[in-house]
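Residue strings, one per chain:
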Amino acid sequence: MQLSADMLALADEYGINPSTFPLLQVEGGALTSIGAYLNEKGLSKAVLIMDAQTRAAAGDKLAALLERENIHVQTIELLANHHGQVNADEASLVQVLVETPGDIDVLLAVGAGTIHDITRFCSQKLSIPFVAVPTAASVDGFTSKGAPLILRGVKQTIQTAAPIAVFADLDVLCAAPRPLTAAGFGDILGKFTSLLDWEISARVGGEPYNALAAKMTRHSLDTCVDHVEEIAKADEAGIRILMEALIESGLVMQVLDFSRPASGAEHHLSHYWEMHLLETDKRQLLHGAKVGVACSIITELYKDWIEQFDPSEAKGAYAPGLQEHWEEISLMIAALPTPEALQYYLYQVGAPASAEEIGIGSGLVQNSLNEAYHLRDRCTGLLLINQFKNKQISYPLQDRISSQ
């Protein structure tokens with residue numbers, strides 16, 4: 001996978017040498033290239049971090065391939081909780097930190113988003129580089145520095161380490177369970193609202209904004225939407241399109257060193273739901289599945305907002321910026337796809353499209369619409385709606401938002 005001209009321009013704008021970007025290999029049989037790469041870099045002692053599922057998907061095969069290349073391999077199989085899941089929490093982080101020998105040259109994250117978040121944090125703490133080996137095209141965080149972790153039961157994103165290389169084996173990715181691929185599409189679909197929220201944060205909140213980064217993230221989104229049928233087939237062509245879009249979105253976040261283009265109110269709802277499931281000791285849901293559903297809910301909320309809200313009555317710190325830019329914001333919201341269109345895209349790839357389908361009750365959705373904006377110090381449409389509302393947001397959105 002070659003870096004685009006826009007990516008090179010963005011890196012130059014931020015004073016980043018393109019040579020510091022990870023090696024990106026997205027092709028069938030990519031696992032077979034990892035040993036030669038490690039030998040070239042002089043990295044002869046490796047720890048593979050995985051869980052039981054990703055060990056079966058790629059971990060054992062990769063370990064055997066590396067041994068043939070005279071790489072000394074040790075494995076860490078992350079311990080699942082009583083739900084049979086691995087979380088990016090203190091227990092998993094400590095397991096990796098304790099079980100990684102002191103003479104290791106490189107960590108390899110063999111898995112999806114959670115395993116990469118655990119590995120990137122430990123890579124930073126141990127000052128050991130890591131290589132990303134995705135086993136599913138499920139999230140856009142493979143190439144980013146941000147590690148969403150669960151610390152003391154609270155979701156926190158910590159800026160840590162980016163991988164030195166990504167080996168995305170299309171044979172492995174095409175064989176991944178369909179819900180994981182659908183989750184990757186859901187994570188991309190969330191860019192409809194995250195990009196809008198980034199525009200709002202710049203205009204109303206005075207937060208950092210970069211038009212080229214927004215353009216690139218939008219291109220990743222549009223490419224996936226335009227090729228939704230190919231992605232739904234989960235063949236090599238479709239998975240390549242999705243994986244390269246996920247990688248580019250992550251690279252944009254890596255350059256900016258923040259997640260604004262890819263994470264807005266839809267992610268705040270997702271994180272709120274995740275924390276509730278932790279508090280009530282329930283099984284976790286796929287990140288992208290939550291984001292896709294939340295994107296549709298936030299879109300419906302925002303479209304109701306521009307129909308009902310009178311900005312002239314707004315008061316407080318955000319009021320001047322909102323009043324000045326209300327027409328632009330309204331037009332951007334109006335240009336969003338309808339919630340029904342977003343749900344149709346999700347159904348096409350086999351993803352759940354409603355809160356009910358992922359087991360999130362209307363009461364929890366309602367609570368998140370009224371409270372999730374507290375999770376990040378970020379100006380979004382959701383924050384502004386809550387700043388200027390005169391009553392609780394109800395869900396389903398039958399009692400419309402009003403400033404009256």
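Residues numbered from 1 in each chain as written. Predicted model: local features only at pLDDT ≥ 70, side-chain atom pairs only at ≥ 80, totals over all residues. Heavy atoms only, no water.

**Side note on unusual backbone geometry**
Phase 1 of the analysis: Geometrically, the link from Tyr395 to Pro396 is a cis peptide bond, its omega value of 0° lying close to zero.
Phase 2 of the analysis: Tracing the backbone through its elements, the reader meets Pro396 in the segment after α17 (381-388).
Phase 3 of the analysis: Of note, the phi angle at Arg152 is positive, near 55°, even though the residue is not glycine.
Phase 4 of the analysis: Secondary-structure assignment places Arg152 in the loop between β6 (146-151) and β7 (154-159). (Helix = DSSP H or I, 4+ residues; strand = E, 2+ residues; numbered from the N terminus.)

**Notes on the side chain of Glu199**
Phase 1 of the analysis: Among the secondary structure elements, Glu199 is positioned in helix α8 (residues 191-203).
Phase 2 of the analysis: For Glu199, the side chain forms a polar contact with the side chain of Tyr209, separated by 3.0 Å. (Polar contact = N/O pair within 3.5 Å; in protein donor to acceptor, adjacent residues only side chain to side chain.)

**Quick look at empty space enclosed by the protein**
Phase 1 of the analysis: Applying the stated rule across the entire model yields two cavities of 30 Å³ or more.
Phase 2 of the analysis: Estimates place the volume of the second largest cavity at around 30 Å³.
Phase 3 of the analysis: Lining the second largest cavity are Arg178, Thr181, Ala182, Ile231, Ala232, Ala234 and Val349.
Phase 4 of the analysis: Among the elements that take part in the lining of the second largest cavity, helix α7 (residues 178-189) stands out by supplying three residues, more than any other.
Phase 5 of the analysis: Looking at the lining of the second largest cavity, its residues break down into five nonpolar, one polar and one charged. (1 Å grid on protein atoms, 1.4 Å probe; cavity = no way out; pocket = protein on both sides within 12 Å on 5 of 7 lines; lining within 4 Å. Points joined across faces, edges and corners; volume = space filled by probe spheres on them. Nonpolar A, V, L, I, M, F, W, Y, C, P; charged D, E, K, R; others polar.)

**Describing the pattern of salt bridges**
Phase 1 of the analysis: Counting across every chain of the model gives 14 salt bridges.
Phase 2 of the analysis: A salt bridge links Arg120 to Asp117; the nearest nitrogen and oxygen atoms lie 3.7 Å apart. Residue Arg120 and its partner Asp117 are both found in helix α5 (residues 113-126); the two are separated by three residues, about one turn of the helix. The same class applies to Arg120 as to Asp117, namely buried.
Phase 3 of the analysis: Through salt bridges with shared partners, one network takes in Arg55, Asp60 and Glu77. (Salt bridge = Lys/Arg side-chain N within 4 Å of Asp/Glu carboxyl O. Buried < 20%, exposed > 50% of the residue type's maximum accessible area, 1.4 Å probe, protein only.)

**Digging into the sheet that holds strand β1 (residues 23-27)**
Phase 1 of the analysis: What the six strands build is an open sheet, ordered β1-β8-β5-β4-β2-β3; its pairing is parallel. A single partner strand is all that each edge strand has here, and the edge strands are β1 and β3 (72-77). Pairs of neighbouring strands in the sheet enclose a mean axial angle of 15°, with direction left out of account.
Phase 2 of the analysis: The pairing of strand β5 (residues 130-134) with strand β8 (residues 165-169) spans two bridges and is classified as parallel. Among the inter-strand pairings, Val131 is bridged to a residue of β8, identified as Ala165.
Phase 3 of the analysis: Sitting on the sheet, helix α11 (residues 236-256) touches β1, β5 and β8, and the angle it makes with β1 is about 165°. (Pairing = 2+ DSSP bridges. Axes fitted to C-alpha atoms, helices over the stretch in contact; angles between N-to-C directions. Contact = heavy atoms within 4.5 Å.)

**Examining the environment of Val154**
Phase 1 of the analysis: In this fold, Val154 is placed in strand β7.
Phase 2 of the analysis: Once the C-alpha coordinates of Val154 and Tyr272 are considered, the two residues, 118 residues apart in sequence, prove to be 9.2 Å apart.

**Side note on the environment of Ile34**
Phase 1 of the analysis: Of note, Ile34 is situated in helix α2 (residues 34-40).
Phase 2 of the analysis: Judged by its relative accessible area of 0%, Ile34 falls in the buried class.
Phase 3 of the analysis: Apart from residues lying up to four places away in sequence, Ile34 is in contact with Leu62, Leu66, Leu108, Val133 and Phe167.

**A short note on the nonpolar core**
Phase 1 of the analysis: The biggest cluster of nonpolar side chains holds 107 residues, and the ones touching the most others in it are Trp273, Leu369 and Leu382.
Phase 2 of the analysis: Among the elements that make up this core, the one with the highest residue count is α11 (11 residues).
Phase 3 of the analysis: Among residues more than four places away in sequence, those in contact with Leu382 are Ala265, Leu269, Ile298, Leu301, Tyr302, Ser368, Leu369, Ala372 and Tyr373.
Phase 4 of the analysis: Ranked by size, the runner-up nonpolar core spans 24 residues in total, among them Ala46, Leu62, Val131 and Phe167. (Core = buried A, V, L, I, M, F, W, Y, C linked by side-chain atoms within 4.5 Å.)

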